[in-house]
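Notes for the structure review
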Amino acid sequence: MLSACLDHPLKPVEYDKSEEAENTVSIAINKDVDILFVIDNSGSMAEEQALLSQNFASFIGVLEAEDVSANYRLGITTTDAGNPRCPNTTPENGTLVLSSCLDRVDTNEFSYNNANFAFACTDYCTKKNADLTVRGTTTQYSDGKEEPRKWIERIEKQSNIGGVDSNVEAFQCYGPQGVAGCGFESHLESMYKALAKASDEKSLPNYGFLREAAILSIVVITDEADCSYQQAQKDVFMANKVFWNSPDDVQPTSALCWKAGVECTGDSPYSECHSANWGIVDGAAKVGVPDADAVLKPVSEYIKFVKTIEAAKQEIDKNQRVLVSMIAGVPVGYDTRATEIPYANNQDMDEQLLFGIGPGCVLASDDPMIPDSTAVPPVREREFAEAFIDKDAAERNLYSICQQDYSGALQSIADQIRDQIKPACMPNCVRDTEPDSTMTLEPNCQLYEENIDDTRVEIGECEEVKGAWVAPAGKTVCFATLTDKGTSTPSAIDNMSDECIDKGFNLEFILVRSAAASAGTTISAACELSENKKRDCPKL
């Protein structure tokens, strides 16, 4: 964040700009983004994980573009939060994972039903853990101590991962999570635990992943329904067969997750389906039970949890919102509102018994010997995701997993992040110290770096070198003022953003770093203000 400390007015002596501010106005210069990927690691997800790696450059390319240059952290966890029916898996329970998939191929994490799906890793990853290094970095809780973290990050264009050519390559090794995870996927619970652990000092390695002012983006990739259950109801998966297909069954199928968490209207094909509190009353299934008695944890609890995070961020930047996106079982075109999710029973009875509902999307196979790929239509996870987008928005935040190319979906998700990164407009009208000598504003400003220990250091101005702002020799940070609202100067380097211009501001800041700032660092600015705002900033 950037705080503008504004004196009334400052004397235009050579950089003798008062450090004592009569007014302080907070403005955003925030490029920090924390991204949590929750990746389904159940037995049907090999092809989807491979596609994610294949197309990941579309995501990173947006964040690392010169006009964005986001300071991002990218954490990865799985949908395996544990289930009584999965005693042989090792649930991540929301813990962040940073381990080369090649090492996990060796431990059979890419094997399922005696079949090997190592291609999901080996098609795009060539580096084992021994070939990769994780550079130590700080968090706002580490008191400046640099340690290797369990996430990928790029701060001020510096990646924390060594041994790779790019963070795309890093993700191609760290992203694939295998197919040995629990088939009763708990997308929402895994997401909740990952974020909760990020603020719990006892929960390493997640602790410190979230930054207070950073944009938060949650991305879920899955082909099945959410099955985030409540511990008090775990017997539903083991001995109490109310939600099983038959009391004669030896074990439940994934259909239990649908039956115990969803209610649909009408007959198949259903007019709509929504999350519901299903429980057991007098030995029978009953809908509408109190939250505490529901088999699956109510979706409203997850929404409330993330909305609380969002509210805290809006105390810093009122316009910031948490971004939630999913690549899931919706038909192609659902994101653009060209199609709707079909909710209907499956005509294939075996598939109906497996999932409790027909597919939300289908990817036809080109090989007659290989069956079509299908995905369960989302309900609980759809309601969670759509709680974080305007109902009237032109586009939705759910994308189809049933397609052969995820680049469009990944770019769209990254575009949403990019659009949250705002230019650092000065919210008050700044005085032109040389109104008769130049075509553009000549401001009188000084920026300061304020550290977590309350020390305050002046920041020098950037130098223009070959059409780019760079820090002077020996300096790791500098600032520049952007004042050109059009073509007043021949260079584009001082051009203001359309957003600042449209809002009527006459000054914009840019901060350039050659090294990452210490965690918790903020910036303050002192500027001489205009004495005639109607003349100098008529649109403000």
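What counts as what
- Residues numbered from 1 in each chain as written.
- Predicted model: local features only at pLDDT ≥ 70, side-chain atom pairs only at ≥ 80, totals over all residues.
- Heavy atoms only, no water.
- pLDDT = per-residue confidence, 0-100.
- Contact = heavy atoms within 4.5 Å.
- Disulfide = S-S within 2.5 Å.
- Helix = DSSP H or I, 4+ residues; strand = E, 2+ residues; numbered from the N terminus.
- Buried < 20%, exposed > 50% of the residue type's maximum accessible area, 1.4 Å probe, protein only.
- Polar contact = N/O pair within 3.5 Å; in protein donor to acceptor, adjacent residues only side chain to side chain.
- Phe/Tyr/Trp six-rings, centres within 6.5 Å; stacked < 30°, edge-to-face > 60°.
- Lys NZ or Arg CZ within 6 Å of the ring centre and 35° of its normal.
- Axes fitted to C-alpha atoms, helices over the stretch in contact; angles between N-to-C directions.
- Parallel < 35°, antiparallel > 145°, perpendicular 65-115°, else oblique.
- Left-handed = near helix turned anticlockwise from the far one by under 90°.
- Nonpolar A, V, L, I, M, F, W, Y, C, P; charged D, E, K, R; others polar.
- Pairing = 2+ DSSP bridges.
- Salt bridge = Lys/Arg side-chain N within 4 Å of Asp/Glu carboxyl O.

This next bit is on the confidence of the model for the protein. Per-residue confidence for the protein gives a mean pLDDT of 91; residues scoring 70 or more make up 94%. Segment residues 1–23 is flagged for pLDDT under 50; beyond a separation of four residues in sequence, or across chains, it makes 88 contacts in the model.

Turning our attention to the state of the cysteines. Going through the model one piece at a time under the given rule, you end up with 10 disulfides. Through a disulfide, Cys86 is tied to Cys182; the S-S separation comes to 2.0 Å. Given an S-S torsion of about 65 degrees, the disulfide between Cys86 and Cys182 has right-handed geometry. Of the two residues, Cys86 is situated in the loop between strand 4 (71–78) and helix 3 (101–105) and Cys182 in the loop between helix 5 (167–174) and helix 6 (187–197); the sequence distance between them amounts to 96 residues. Taking the relative accessible area as the measure of exposure, Cys86 reaches 14% and is therefore buried.

Positionally, Glu153 belongs in strand 8 (residues 152–155). Classification of Glu153 as buried rests on a relative accessible area of 4%. There is a polar contact of 3.3 Å between the side chain of Glu153 and the side chain of Arg73. Dropping the residues within four chain positions of it, Glu153 is found in contact with Tyr72, Arg73, Thr137, Gln158, Ser159, Asn160 and Asn167.

A separate point is the packing of aromatic side chains. As enumerated under the stated definition, the model contains 16 aromatic pairs in all. Following the ring pairs from residue to residue traces out a cluster consisting of Phe37, Phe56, Phe59 and Phe171. Stacked on the ring of Phe388, the Lys or Arg Lys307 has its end atom at 4.6 Å from the ring centre. The positively charged end of Arg456 is found above the aromatic ring belonging to Tyr448, 3.9 Å away from the centroid.

So, about the packing of helix 6 against helix 8 (residues 299–314). At a minimum axis distance of 11 Å, the contact between helix 6 and helix 8 shows a crossing angle of 30 degrees. The angle between the axes of helix 6 and helix 8 places the two elements in the roughly parallel class. Crossing handedness for the pair helix 6 and helix 8: left-handed. Contacts between helix 6 and helix 8 pair Leu188, Glu189, Met191, Tyr192, Leu195 and Ala196 from the former with Val299, Tyr302, Phe305, Val306 and Ile309 from the latter. Along the lines of polarity and charge, the residues of the contact of helix 6 with helix 8 split into 10 nonpolar, no polar and one charged.

Here we come to the sheet that holds strand 20 (residues 424–425). On the basis of which strands lie adjacent, the open sheet formed by three strands has the order 20-26-25 and antiparallel pairing. With one partner strand each, in any of the chains shown, strand 20 and strand 25 (477–482) form the two edges of the open sheet. Direction of pairing for strand 20 relative to strand 26 (residues 508–513): antiparallel, over a ladder of two bridges. Residue pairing for strand 26: Ala424 is matched across the bridge by Phe509.

This part covers the sheet that holds strand 9 (residues 158–159). Pairing in this open sheet of seven strands is mixed, and the strands run 9-8-4-3-11-16-19 from one edge to the other. This sheet does not close on itself; its edge strands, each paired only once, are strand 9 and strand 19 (398–400). Relative to strand 11 (residues 215–221), strand 3 (residues 32–39) runs parallel, the two being bridged by seven bridges. Bridging across to strand 11, Phe37 finds its partner in Val219.

Using the criterion set out here, one finds 21 salt bridges in the structure. As a salt-bridge pair, Arg431 and Glu528 come within 2.8 Å of each other at their nearest N and O atoms. Of the two residues, Arg431 is situated in the loop between strand 20 and strand 21 (445–450) and Glu528 in strand 27 (residues 522–528); the sequence distance between them amounts to 97 residues. Its relative accessible area of 3% is what places Glu528 among the buried residues. Two residues, Glu499 and Lys503, come together in a salt bridge whose shortest N-O distance is 3.3 Å. Here Glu499 falls in the partly exposed class, since its relative accessible area comes to 26%.

Neither face of strand 8 is left uncovered, since the one carrying Ile152 and Arg154 and the one carrying Glu153 and Ile155 both have all their residues buried. Looking at chain direction, strand 4 and strand 8 are connected through three bridges and run antiparallel. Bridging from a neighbouring strand, Arg73 pairs with Glu153 of strand 8. Of the pairings in the sheet, the one linking strand 8 to strand 9 comprises two bridges and is antiparallel in character. Each residue of the ladder has a partner; that of Arg154, found in strand 9, is Ser159. Hairpin connection between strand 8 and strand 9: a loop of two residues separates the two successive antiparallel strands, and Glu156 in this loop has a positive phi of roughly 50 degrees.

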